Amino acid sequence: MSLAAGAVLGHYETVGLIGAGGMGTVYRARDTRLGRIVAIKLVDDLSARDLARARLLREAQHASALNHPNICTIHEIAEADGRTFIVMEYVEGRPLSDITRGGGLPAERVVAYGTQIAGAVAHAHDHGILHRDLKPLNVIVTSEGRAKVLDFGLATLVWHEEAAHAPTTPLPQSGTTAGTIA
Amino acid sequence: MAPEVLQGQPATVPSDIWSLGTLLYELTTGGLPFTGRTDFELSSQILREPPRALPASVPAGRAQELDPLSPMIAAMAVWPLAPLDRHDEAIAQLQRALQVHPDDEVLRGYQHQLIGERYLRQGKFDEAVAEFLAGFDVAFMTGGGPEVMTSLGEAYSSSGIQGFWQRLLDVATARHHRDLALATRESPGHYVTPYKLAELNLRLGNIDRALALLEECYTNRDENVLFIKPWSIVTPRSLMVDGPWWSVRSDPRFLDLLKRLGHP
């Protein structure tokens, strides 16, 4: 299930696809009330299941309390047309996994990114929130070199859902696999 | 994903720290500290093998700092488990780190301490003393954080635990005097500082002696004094237990020391 550009979700209007993966599809969207660009994560597979939705709401609510320069802010959890979605800060940059693809980074940059990410994790832990799937793909680096950690507390949902269904259903090969191995 | 999570246990703070270590490894090398072409291979590596050492291209000093199973990171990762009474898990995790760093004194000392704490909770005081003393031989460990004391609850005031602390204090005091006499401090980890003695005395309710030792720390201004934060001795958490150190909180000498250290 995907949305075309210009699709309307509540007072948000999609302007492009950012990516699919993790635990759903992420769109770039315009908040028509505030006129700002945001990112919207639509968790297609889970929206239909009430239990999953309740968990999603709870986790996202907890994570939205986080306020840290190195954590991607969650603006709100909204519902429209029977779909639940997470509205968050739009961060322009490259995932850290892209940056490390060419090999290891110079020591100064490892320290620069490492301290920012560790600071974000420490802040979340102080507020009782785990990330559960910290990895380079979940960190965006902006053009100014700021690291932003995405998806605090959200990874657990799909992982638990999968675990609960594991005996009867094979794990999906793509799309909804949130808990990656490493 | 941390080994315990792969085994289906819920994620915890240590599992996030495990991932952070792995992420730092990836930033440093561009690859994972485990090999495996499939998810299955990868997870069995994580469960069964120690992580790969950093490649030779990474400078040695940095390699040690960023090793995901570096002694420091391994100790930090298990630290939150003990207060949750998850000693078995913490001990098993440290064991993995010890396989990679068998000579690391802090890890070995900490391992003895955790095993000792487990004995304490079972009321096996003689066994606990033996473990803590074995820990002393590799690295000085004060032993038994406030959380452990909390979980001991009523047992805290039993004669068994008082005897336990007294024996630790005796050995530590002897060590302290020996080190002073030798005027050599093998390593900061071994040296029984006045601060550590103060902490032990406090646990036994020897308030006068503890305060005198803290004054000594203050006067000497040795390296340890920089790290003195008196609330780390008398934290609100440790005060949840009605221990013999309770009265130090309102002792004017203690309050005066706090003021001089710049803590209003």
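The structure contained in this document is the topic of the report that follows.

The rules we used
- Residues numbered from 1 in each chain as written.
- Chains lettered and ligands numbered in written order.
- Predicted model: local features only at pLDDT ≥ 70, side-chain atom pairs only at ≥ 80, totals over all residues.
- Buried ≥ 20, exposed ≤ 12 C-beta atoms within 10 Å, placed from the backbone.
- Helix = DSSP H or I, 4+ residues; strand = E, 2+ residues; numbered from the N terminus.
- Pairing = 2+ DSSP bridges.
- Expected span 1.5 Å × (residues − 1).
- Arc of directions from axis to C-beta.
- Core = buried A, V, L, I, M, F, W, Y, C linked by C-beta atoms within 7 Å.
- Contact = placed C-beta atoms within 7 Å.

### Here's the deal with the pairing of strand β6 (residues 83–89) of chain A
All names here are of chain A.
Here's step 1: For β6, the tally of buried residues reaches five of seven residues, placing the bulk of the element in the interior.
Here's step 2: Two elements, strand β4 (residues 36–42) and β6, share five bridges in a ladder whose sense is antiparallel. The partner of Ala39 across the bridge, within β6, is Met88.
Here's step 3: Two strands pair when backbone bridges link them, and strand β5 (residues 74–80) and β6 are joined in this way by six bridges, in the antiparallel orientation. Along β6, the bridge assignment pairs Ile77 with Ile86.
Here's step 4: Linking β5 to β6, which pair antiparallel, is a turn of two residues; within it Asp81 sits at a positive phi near 50°.

### Details of helix α4 (residues 107–126) of chain A
Residues and elements named next belong to chain A.
Here's step 1: In a regular helix each residue adds 1.5 Å, so 20 residues correspond to 28 Å; α4 covers 28 Å between its end C-alpha atoms and thus fits that length.
Here's step 2: Every buried residue belonging to α4 is among Val110, Tyr113, Gly114, Gln116, Ile117, Ala120, Val121 and Ala124, and all of these are buried. The arc that holds the buried residues of α4, viewed along the axis, is 165°, so those residues lie on one side. Pointing more than 90 degrees away from the buried face of α4 are the exposed residues Glu108, Thr115 and Asp126.

### Here's the deal with the environment of B:Thr22
All names here are of chain B.
Here's step 1: Here Thr22 shows up in helix α2 (residues 13–29).
Here's step 2: Residue Thr22 is classed as buried on the basis of its C-beta count, with 22 C-beta atoms lying within 10 Å.
Here's step 3: Sequence separation between Thr22 and Pro33 is eleven residues; the distance between their C-alpha atoms is 6.8 Å.

### Some words on the nonpolar core
Here's step 1: A:Ile40, A:Ile86, A:Tyr113, A:Ile117, A:Val139, A:Val149 and B:Leu20 are the most contacted members of the largest nonpolar core, which has 47 residues in total.
Here's step 2: The element that contributes the greatest number of residues to this core is α2(B), accounting for seven residues.
Here's step 3: Among all residues touching A:Ile86, those that are not within four sequence positions of it are A:Lys41, A:Ala60, A:Ile74 and A:Ile77.
Here's step 4: Ranked by size, the runner-up nonpolar core spans 30 residues in total, among them B:Tyr119, B:Leu168, B:Val192 and B:Leu214.

### Observations regarding unusual backbone geometry
Residue and element names in this part refer to chain A.
Here's step 1: Notably, Arg132 is not glycine yet its phi reads approximately 80°, a positive angle.
Here's step 2: Within the fold, Arg132 resides in the loop between α4 and β8 (139–141).
Here's step 3: Residue classification places Arg132 among the buried residues on the basis of 26 C-beta atoms within 10 Å.
Here's step 4: Unlike most non-glycine residues, Asp151 shows phi in positive territory, near 65°.
Here's step 5: One can find Asp151 in the loop between β9 (147–149) and α5 (155–165).

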